Amino acid sequence: MKVANIATTLTGIFVFLSLSASLPGYASHGRSSSMVGAVYTMDNDAAGNKVLAFPRESDGRLLNPTSFETNGLGTSSSLGNQGAIQLDPSQSWLYVVNAGSDTISHFAITDNALELKSVTHSGGARPISLTVSHERLYVLNAGGTNGGADSIAGFYLGSDGKLTPIAGSSQQLSTAYTRPAQVGISPNGKYLIVTERETHKLTVFSILDDGSLTLLSIVPSQALTPFGFAFGHRGQVIVAEGALGNDNASSVSSYHLNETTALSVISGAVPTQQTAACWLALDTSKRYAYTTNPGSDSISVFDIDFAGNLTLKKTGSRKLLRKNSTPLDLVLAPSARVLYTLLAGTDELAVIRLGREGEIRWVRQRINIPDTANGLAIR
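Residues numbered from 1 in each chain as written. Predicted model: local features only at pLDDT ≥ 70, side-chain atom pairs only at ≥ 80, totals over all residues. Heavy atoms only, no water.

Which parts of the structure should I look at to understand the overall build of the protein chain?
A tally of helices and strands in the protein chain yields 0 helices and 29 strands. Taking 21 Å as the expected radius of gyration for a compact globule of 379 residues, we find that the protein chain reaches 19 Å, a close match to that expectation. With respect to the three principal axes, the spread of C-alpha positions in the protein chain is 55 × 45 × 35 Å. Of all 379 residues assigned to the protein chain, the portion counted as buried reaches 61%. Taking all contacts inside the protein chain whose residues are at least 6 apart in sequence as the whole, residues at least 24 apart take part in 52%. The centroid of the 29 positive side-chain charges in the protein chain is displaced by 8 Å from the centroid of its 29 negative side-chain charges. (Helix = DSSP H or I, 4+ residues; strand = E, 2+ residues; numbered from the N terminus. Rg over C-alpha atoms; globule rule 2.2 N^0.38 Å. Buried < 20%, exposed > 50% of the residue type's maximum accessible area, 1.4 Å probe, protein only. Contact = heavy atoms within 4.5 Å. Lys, Arg positive; Asp, Glu negative; His and termini not counted. Charge placed at Lys NZ, Arg CZ, Asp CG, Glu CD.)

How should unusual backbone geometry be read in this particular structure?
What is expected of a backbone is that most residues other than glycine have negative phi and most peptide bonds are trans. Its identity is not glycine, yet aspartate 102 carries a phi of approximately 60°, on the positive side. For aspartate 102, the location among the structural elements is in the loop between strand E5 (93-98) and strand E6 (103-110). Positioned with a positive phi, asparagine 248 is a non-glycine residue whose angle comes to about 55°. Inspection of the secondary structure puts asparagine 248 in the loop between strand E18 (236-241) and strand E19 (251-258). Residue asparagine 248 is classed as exposed on the basis of its relative accessible area, which comes to 51%.

Put into structure tokens, the structure is as follows:
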């Protein structure tokens, strides 16, 4: 994939300049082990968005993908986002944004197949990120990109997985145009957080008992360009900061989420020593934080202690990826020591082996994917 220079983070994290004409497949190498789940991404095709489902083996390796139409449209360009694809807590339903048609597609998961159940308007323009918890789904709409306003909308999840709008859940962000990146619900279901790249702020909402939202706080980010984030233990929030794509300037911060100050700093702007840290994920133990650094073709690993303090591991940031591979979205397997990441520069999905202490070890697989692929989810 051809991508613009990393300096274009001033106007958009990545701009995709060429489109793939066909959907690639992949054949697993070596012996097949038991199937335990799947990894999902979407092609974000402006002519018709599709979900790609890769069956996942117990050792983390992936098999041939199957594609499923969303009956919505992508954009065939960067969304500057994290969280375009989400599973519900029961892992019975899969939800996908269609940024080109302002809709959300809802699939039922059956074995390793998907069955499209409904397509719902997102409650705004250009949906880019989803979060699901406590039988509710909230969508982040980046409508300000097209001259409208950035906003959030909420939905109830029915017993059949279908979406019903929540009254009082439609809220604007700190201003009309924020270039937002991600929306997330806290584990206790009481708070909603949005990262804003343009304003360099974290906007926090309280979720009321009926699912409606009220603005709680607007918190300045510890560093420029807050992007992907994840919730740790004991009210901790870990946030990646891209620093406008400046060379070796990116960082990760940790916060404590509480009812009074909304977000208080634990570790502020701990350097990755890399460029454009944007996408972030935690392992299931929440002891390690991983961030992809697309400007450095690397992945950084941080230790998280009991109190939420961050320390860049001694192994630091590993450049196990090819030059100009440009790693973006990432997820971790729930049991096997495996990390998956989209490589925008080489149009691949990489399967990366992790060590016992969370360290990056080696790239196990590289799987061809469409050059417009966006978002990752795993079960």
